[in-house]
Amino acid sequence: MTPMTPVGTELADRVLGGWLGRIAGNMLGKPVEQGDHWTRGRIDRYLRQADALPLTDYLPEPADESDALAMRPEWRQCVRGRIHGSCRDDDVDYAILGLHLLETHGFGFSTEQVGDLWLLRLPYLQTFTAERAAYRNLVNGLKPPLTATYDNPYQEWIGALIRADVHGWTCPGAPRRAASLARRDAVLSHTGNGVCGAMWAAALISAAFTAPTVREAVDQALTVVPGSAGSAGSAGSAGSAGSAGSAGSAGSAAKDIALGVGAEVAMGAAFSSLGPSPGPSPDVTAADATPVDAPTDSVPVTATPVTATADDFGTTTDADLGSSFDPDQFDTP
């Protein structure tokens, strides 16, 4: 593992590493992001038949028509030997949308402005689970935090965590600031652990720029999570388990940690200042990829709303954050 170093002239390269790590992890798992079919057992069988274990590259092409039909339609652009760029995906869309938010409104953006940007730039059919429920609530005239709580059975799922990367990339070495921004974004669609997960992910990526070790980055990220949140204990346990592993347990903390898809590839890219990602370790395979936030075409309306507001998550205030966002700070010298 390349040691983590303080933020300096290599900042643009390290942000690029995080961005590429997110895309790599997303592309690795995308062909089998159909959790109702692609269970761990089926993915393991698929890889064993292709003699692709341990997995050290993207997924191989399907060996038979039945497996091809079970994959997502984009699989031809996401398997080894066929990748010439990134497929569009909602988990990549939000990073671009988040950057646009910061370029438009600065660090002082409001949750309402996040919602306005969704309505202006984000197609409804490219949203899923909690984001789709919140989008529907926005169209029906609801305001935050009701957009997150009304008829939204997904409000503690991982969607807001998936959106959090950009807040870590743009706040290098400032995990509390990153968490505050992620919280303001998250409460549009999530509550409880859904918000805490986003705060933790943003803080982890931010801390990765300057923390001396992976363990220290995880520990710093945990300090922004309210102590009563169930996610704090889970994250702490995961951190303890991962501290003995390679650098690749952290990278694009959003989709890749949450879904277990390409997490090692992504973390290696985010934590390396220069040079190639160390790639996945032999004991982590695509068999661990059990999609959780898979697309759905409908949003049930039978869930009991959970009452929560933005004030319920963390003690970091926005008063000392400032509102100036300068994208030029990430330009390569």
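Here the structure is a predicted model, which means the values were calculated and not measured. (Residues numbered from 1 in each chain as written. Predicted model: local features only at pLDDT ≥ 70, side-chain atom pairs only at ≥ 80, totals over all residues. Heavy atoms only, no water.)

## With respect to the overall build of the protein
In step 1: For the protein, the helix and strand inventory stands at 15 helices and zero strands.
In step 2: Considering only residue pairs separated by 6 or more positions, the protein has 71% of its internal contacts joining residues 24 or more positions apart.
In step 3: Accessible surface for the protein amounts to roughly 13900 Å². Of this, 55% is attributable to carbon and sulfur atoms. (Helix = DSSP H or I, 4+ residues; strand = E, 2+ residues; numbered from the N terminus. Contact = heavy atoms within 4.5 Å. Areas by Shrake-Rupley, 256 points an atom, 1.4 Å probe, with all protein chains shown as cover.)

## A few points about the packing of aromatic side chains
In step 1: In total, this model carries five aromatic pairs according to the counting rule given.
In step 2: Seen from their ring centres, W38 and Y46 are 5.5 Å apart, and the 80° between their planes marks the pair as edge-to-face.
In step 3: Using a relative accessible area of 0% as the deciding quantity, one classes W38 as buried.
In step 4: Between Y154 and W157, the ring centres sit 4.7 Å apart and the planes meet at 70°, which makes this aromatic pair edge-to-face.
In step 5: Judged by relative accessible area, Y154 falls into the buried class, the value being 9%.
In step 6: The ring of Y94 is capped by R163, whose NZ or CZ atom sits 6.0 Å from the centre of that ring. (Phe/Tyr/Trp six-rings, centres within 6.5 Å; stacked < 30°, edge-to-face > 60°. Buried < 20%, exposed > 50% of the residue type's maximum accessible area, 1.4 Å probe, protein only. Lys NZ or Arg CZ within 6 Å of the ring centre and 35° of its normal.)

## Some remarks on the packing of helix 11 (residues 193-208) against helix 12 (residues 214-222)
For any two helices packed against each other, one specifies the crossing angle of their axes together with the interaxial distance.
In step 1: Packing of helix 11 against helix 12 leaves a shortest axis separation of 8 Å and a crossing angle of 140°. The angle between helix 11 and helix 12 places the two elements in the oblique class. Classified by chirality, the crossing of helix 12 by helix 11 is right-handed. For the pair helix 11 and helix 12, contact is made by W200, A203, L204, A207 and A208 and by A217, V218, Q220, A221 and L222, respectively. (Axes fitted to C-alpha atoms, helices over the stretch in contact; angles between N-to-C directions. Parallel < 35°, antiparallel > 145°, perpendicular 65-115°, else oblique. Left-handed = near helix turned anticlockwise from the far one by under 90°.)

## Remarks on the confidence of the model for the protein
In step 1: Chain-level pLDDT for the protein is 76 on average; 65% of the residues reach the 70-or-more range.
In step 2: Overall, residues 241-324 carries pLDDT values under 50, and its contacts beyond four positions in sequence, including any with other chains, amount to 214 contacts.
In step 3: Counted against residues more than four places away or in other chains, residues 327-333, with its pLDDT under 50, gives 11 contacts. (pLDDT = per-residue confidence, 0-100.)

## Side note on empty space enclosed by the protein
In step 1: Tallied over the entire structure, the rule returns three cavities of 30 Å³ or more.
In step 2: Size it by volume and the largest cavity reaches roughly 70 Å³.
In step 3: If you tally residues by element for the lining of the largest cavity, the top one is helix 4 (residues 90-105), at four residues.
In step 4: Here the residues of the lining of the largest cavity are counted per class, giving six nonpolar, one polar and two charged. (1 Å grid on protein atoms, 1.4 Å probe; cavity = no way out; pocket = protein on both sides within 12 Å on 5 of 7 lines; lining within 4 Å. Points joined across faces, edges and corners; volume = space filled by probe spheres on them. Nonpolar A, V, L, I, M, F, W, Y, C, P; charged D, E, K, R; others polar.)

## What about the pattern of salt bridges?
In step 1: Applying the stated criterion across every chain, the model contains 12 salt bridges.
In step 2: For R22, the salt bridge goes to D165, with nearest N and O atoms at 2.9 Å. Taken as a pair, R22 in helix 1 (residues 11-29) and D165 in helix 9 (residues 165-169) lie far apart in primary sequence, 143 residues in all.
In step 3: With a relative accessible area of 1%, R22 lands in the buried category. (Salt bridge = Lys/Arg side-chain N within 4 Å of Asp/Glu carboxyl O.)

## A few points about the packing of helix 1 against helix 4
In step 1: Two elements in contact, helix 1 and helix 4, have axes whose closest approach is 10 Å; the angle formed by their N-to-C orientations is 160°. Classified by the interaxial angle, the pair formed by helix 1 and helix 4 is roughly antiparallel. Handedness of the helix 1/helix 4 crossing: left-handed. Between helix 1 and helix 4, the residues in contact are W19, R22, I23 and N26 and D91, V92, A95 and I96, respectively.
In step 2: Of the residues in the contact of helix 1 with helix 4, the class split is five nonpolar, one polar and two charged.

## A word on the environment of N152
In step 1: Note that N152 resides in the loop between helix 7 (146-149) and helix 8 (159-162).
In step 2: A sequence separation of 38 residues divides N152 from H190, and the C-alpha atoms of the two residues are 8.6 Å apart.
In step 3: Within polar-contact distance, the side chain of N152 engages the backbone oxygen of S189 at 3.0 Å. (Polar contact = N/O pair within 3.5 Å; in protein donor to acceptor, adjacent residues only side chain to side chain.)

## Describing helix 5 (residues 111-121)
In step 1: Among all positions of helix 5, only T111, V114, G115, L117 and W118 are buried. Here the buried residues of helix 5 occupy an arc of 160° about the axis, which is enough to place them on one side.
In step 2: Buried-residue contacts for helix 5 involve helix 4, helix 6 (129-139) and helix 10 (175-186). (Arc of directions from axis to C-beta.)

## A short note on the nonpolar core
In step 1: In terms of nonpolar packing, the biggest core is built from 49 residues, with W118 and W200 touching the most fellow members.
In step 2: For this core, the leading source of residues is helix 11, giving 11 residues.
In step 3: Membership of the second largest hydrophobic core comes to 14 residues, among which are L28, W38, I43 and L55. (Core = buried A, V, L, I, M, F, W, Y, C linked by side-chain atoms within 4.5 Å.)

## Some words on helix 4
In step 1: End to end, helix 4 covers 22 Å across 16 residues, agreeing with the expected 22 Å (1.5 Å per residue, within 8%).
In step 2: Taken as a whole, helix 4 has its buried residues at D90, D91, V92, Y94, A95, L97, G98, L101 and L102.
In step 3: At the N-terminal end of helix 4, a side-chain oxygen is found 2.8 Å from the backbone nitrogen of D91, two or three residues along, and the residue is D89.
In step 4: Positive backbone phi, at 75°, marks G106, one or two positions downstream of helix 4. (Expected span 1.5 Å × (residues − 1).)

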